[in-house]
Amino acid sequence: MSNPLKDMDKPDTIFAIGTNMTECHPVAATGLKKALKKGAKLVVADPRKTRLAELAHLHLPIRVGSDVALLLAMAHVIVSEDLIDGQFINERTEGFEQFQSHLAEFTPEWASKICEVPAEDIRTAALWYSQAERGAIYYTLGITEHICGVDNVQSLCNLALLTGNLGKEGTGINPMRGQNNIQGAGDCGAVPANYPGFQPVEDPQFHEKFKNAYNQPELDLGQSMTKVTALNLAGDGIHAMLIDGENTVVTDPDRNHCQRALESLDHLVVIDIFLTETAQLADVVLPASAWGETDGVQANTERRVQRLRAAVTPHGDSKPDWWIISQIARELGVTGFDYQSAKDVFNELCSLSPIYAGLNWDNIGDGNYQWPVPEEGHPGTPILHEDEFKDAKPGLFKIIGYRDPAEVIDEKYPVWLTTGRRLQAYHTRTQTGRASGIDYLLSEETLEVHPEDAKQWELQDGGFVRMASRRGEVILKVETTTRSPRGTVFTSFSFAETNINVLTGSGYDPITQTAELKVCPVSLTPA
């Protein structure tokens, strides 16, 4: 997030797109509710009429996968109505003239045909956002889990650059992280493109830095492969794999492909706190200690770095992840893993990452710092981009065009499926599914179907439906509701026994290789 959570009650206009925040981030969403009580306007772009959409002054029920078309048209309105922040654009951006020319053809009328919402509503959303003294954008996985996820995010950045809604209280571009330490994992370099601190692996300067720091003279220059590529090569180039804290065969798209890939390995090691569906496929399972049993550090969605303190003794033979990985490295003869504590690991991160340079194990105890903290004594940076962008470089307008999802509906698969989360289940129920009280609130998966569609397709509320895609099929219970629009159905991926990700996996973003989990054409028949 470019702005802190405490800013959520400060915007004049809130643009929430691809986020079911009241279910997926219910505590944080209270900030938006406070803003509404103070008189803020809320625009929600979401195919479904979620609780957040019900709170909105303007709901744009766009067709799944049409976000870029909507955002291009909004930018068109802002420019054509001369609602841009000219001073901000002149002083802090680059590429506006080309972007302005590019927008000419992307009118609200053009976008209306793709998004399936009225052109006037698109125009209103653009006017409200651009005319606000403080306009804030919030989004989650409904923006990123597409083949055009990067395009979606860059299109949102274009809107913020046009209006100067960056670097100020109550503004910003604010991705709400899907789990508690997703931000921290990125900070540590848990992506193929970056070393810790978002230092690009393809930059020779950083390659040399980390080659020396890790005492690895043979360290390759350039990106390593993503998990998508690794699974594709399993059994044919990759013969062993270690999976730490992820239930791959439930959470990843195209479950059948994932399971075949893992079963084709010569050796699979899983580190986890439970014997998950993925762990059941492993040759070796190493038990990890859970969060309440572990000393460590997490960075949350607002970039706040926080200590974790073990409250109880680890169960049985379970150990912290860092300890398990260090022991494996030692057995393999890899140097540099002589850590004695989580403190050693974190302090090494701080010594290598400029955004953590002013932090250490001892000064983060109260959770007061939001990175970047470039030097000791620095107060932290709650709001990014206040005076300049990173390295004093200008903000770049990106020339983005619209493209259809990887798969579109046709005669054989005439219905749009979109997936997401539910309030009562944490991700895949790996944890919440083991709590009996949660079963009382959410005991099984259902498929949301509009009542008129259910009638046309001869489906009964409470009855069962066979849902098929180009990759597989599942059977689940029907829930008739007007939350989902006609022609679109919704379900979550929480239940392993109703594994919706058997169906997904139509395509991947070419830059990040993020799967298109939010769009999947399907067919429905009574079961």
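Residues numbered from 1 in each chain as written. Predicted model: local features only at pLDDT ≥ 70, side-chain atom pairs only at ≥ 80, totals over all residues. Heavy atoms only, no water.

*Asks:* Any chance you could explain the overall build of the protein chain here in plain terms?
*Replies:* Within the protein chain, the regular secondary structure consists of 19 helices and 20 strands. Computed over its C-alpha atoms, the radius of gyration of the protein chain comes to 24 Å, within 12% of the 24 Å expected for a compact globule of 527 residues. In terms of overall dimensions, the protein chain has C-alpha extents of about 65 × 60 × 45 Å along its principal axes. Across the 527 residues that make up the protein chain, the buried fraction comes to 53%. Surface accessibility of the protein chain: about 23,700 Å² in total, with carbon and sulfur atoms responsible for 50%. Across the protein chain, the mean location of the 46 positive side-chain charges is 5 Å away from that of the 72 negative side-chain charges. (Helix = DSSP H or I, 4+ residues; strand = E, 2+ residues; numbered from the N terminus. Rg over C-alpha atoms; globule rule 2.2 N^0.38 Å. Buried < 20%, exposed > 50% of the residue type's maximum accessible area, 1.4 Å probe, protein only. Areas by Shrake-Rupley, 256 points an atom, 1.4 Å probe, with all protein chains shown as cover. Lys, Arg positive; Asp, Glu negative; His and termini not counted. Charge placed at Lys NZ, Arg CZ, Asp CG, Glu CD.)

*Asks:* Can you help me understand the sheet that holds strand 10 (residues 267–272) in this one?
*Replies:* Sheet strands pair by backbone hydrogen bonding; their relative direction is either parallel or antiparallel. An order of 9-10-11 is seen for the 3 strands of this open sheet, with the pairing classed as parallel. Only two strands of the sheet have a single neighbouring strand rather than two, namely strand 9 (240–244) and strand 11 (284–287). This sheet shows a mean twist of 15° between the axes of neighbouring strands, independent of strand direction. Relative to strand 10, strand 9 runs parallel, the two being bridged by 5 bridges. Looking across to strand 10, one finds that Ile243 is bridged to Val270. (Pairing = 2+ DSSP bridges. Axes fitted to C-alpha atoms, helices over the stretch in contact; angles between N-to-C directions.)

*Asks:* Even after reading the chapter, I still don't get the pattern of salt bridges, so can you show me in this structure?
*Replies:* When their charged atoms lie close together, side chains carrying opposite charge are able to pair. A complete count under the given rule lists 26 salt bridges for this structure. Here Lys227 ties to Asp252 by a salt bridge, and the two come within 2.9 Å at their closest N and O atoms. Here Lys227, found in helix 13 (residues 227–232), pairs with Asp252, found in the loop between helix 14 (248–251) and helix 15 (255–263); they are 25 residues apart in sequence, far enough to count as distant. Looking at Lys227, the relative accessible area reads 38%, which means it is partly exposed. (Salt bridge = Lys/Arg side-chain N within 4 Å of Asp/Glu carboxyl O.)

*Asks:* Would you mind showing me how to read the pairing of strand 15 (residues 415–420) here?
*Replies:* The side chains of a regular strand alternate, residue by residue, between the two faces of the sheet. Counting buried residues along strand 15, 6 of its 6 residues qualify, which places the element largely inside the surrounding structure. With burial as the criterion, each face of strand 15 is covered, one bearing Val415, Leu417 and Thr419 and the other bearing Trp416, Thr418 and Gly420. As paired strands, strand 15 and strand 20 (residues 520–526) are joined by 3 bridges and run antiparallel to one another. The residue of strand 20 that forms the bridge with Trp416 is Pro521. In terms of strand pairing, strand 15 meets strand 19 (residues 488–492) through 5 bridges, oriented parallel. Pairing of Thr418 across the sheet is with Phe490, part of strand 19.

*Asks:* Help me understand the domain arrangement of the protein chain, please; the structure alone is not making it clear to me.
*Replies:* The figure often quoted for interface size is the accessible area lost as the parts come together. Partitioning the protein chain into structural domains gives domain 1 (5–176), domain 2 (182–370) and domain 3 (415–526). Taking the mean C-alpha position of each, domain 2 and domain 3 sit 30 Å from one another. Listed by partner, the interface residues are 16 residues for domain 2 and 18 residues for domain 3. Contact between domain 2 and domain 3 buries roughly 1,400 Å² in total, counting both sides, with carbon and sulfur atoms accounting for 57%. (Domains from an automatic or database assignment. Contact = heavy atoms within 4.5 Å. Buried area = accessible area lost by both parts, 1.4 Å probe.)

*Asks:* How do you make sense of the packing of aromatic side chains when you look at a structure like this?
*Replies:* Each aromatic ring pair is summarised here by two numbers: the centre-to-centre distance and the angle between the ring planes. Applying the stated criterion across every chain, the model contains 10 aromatic pairs. A centroid spacing of 5.2 Å and a plane angle of 20° characterise the contact between Phe99 and Phe397, whose relative ring orientation is stacked. Placement of Phe99 in helix 6 (residues 96–102) and of Phe397 in the loop between strand 14 (395–396) and strand 15 is noted, with a sequence separation of 298 residues between them. Note on Phe99: relative accessible area 1%, which makes it buried. The buried category is assigned to Phe397, whose relative accessible area is 7%. Here the aromatic cluster, defined as three or more aromatic residues joined through ring pairs, consists of Phe96, Phe99 and Phe397. Positioned above the aromatic ring of Phe389, the side-chain terminus of Arg92 is 4.5 Å from the ring centre. Its guanidinium or amino end placed over the ring of Trp323, Lys319 lies 5.2 Å from that ring's centre, counting from NZ or CZ. (Phe/Tyr/Trp six-rings, centres within 6.5 Å; stacked < 30°, edge-to-face > 60°. Lys NZ or Arg CZ within 6 Å of the ring centre and 35° of its normal.)

*Asks:* Would you take a moment to explain the sheet that holds strand 5 (residues 135–139) for this structure?
*Replies:* If you trace the 5 strands from one edge of the open sheet to the other, you get 3-2-1-5-6, paired in parallel fashion. The sheet is open, and its two borders are formed by strand 3 (58–60) and strand 6 (173–175), each paired with just one other strand. In this sheet, neighbouring strand axes are inclined to one another by 15° on average, regardless of whether the strands run parallel or antiparallel. When strand 5 meets strand 6, the two strands line up parallel, connected through 3 bridges. Residue pairing in the sheet places Tyr138 in a bridge with Asn174 of strand 6. Each of strand 1 (13–17), strand 2 (41–45), strand 3 and strand 5 is contacted by helix 8 (residues 119–131), which is oriented at about 125° to strand 3, the strand it contacts most.

*Asks:* Would you mind going over helix 10 (residues 149–163) with me for this structure?
*Replies:* It helps to recall that an α-helix has 3.6 residues per turn; residues three or four apart then point in one direction. In this model, helix 10 (15 residues) spans 22 Å end to end at C-alpha, consistent with the 21 Å of a helix rising 1.5 Å per residue. Of all 15 residues in helix 10, 12 are buried, a share of seventy percent or more. Those residues of helix 10 lying buried are Gly149, Val150, Asp151, Asn152, Ser155, Leu156, Asn158, Leu159, Ala160, Leu161, Leu162 and Thr163. One or two positions beyond helix 10, positive phi appears at Gly164, with a value near 70°. (Expected span 1.5 Å × (residues − 1).)

*Asks:* How do you make sense of the nonpolar core when you look at a structure like this?
*Replies:* If you look at soluble globular proteins, the nonpolar side chains tend to sit buried side by side. Counting 45 residues, the largest nonpolar core has Phe15, Ile17, Leu70, Met74, Leu159 and Leu162 as the members making the most contacts within it. In contact with Leu162, not counting residues within four places along its chain, are Ala75, Ile78, Val79, Ile84, Asp85, Ile89, Phe96, Phe99 and Phe397. (Core = buried A, V, L, I, M, F, W, Y, C linked by side-chain atoms within 4.5 Å.)

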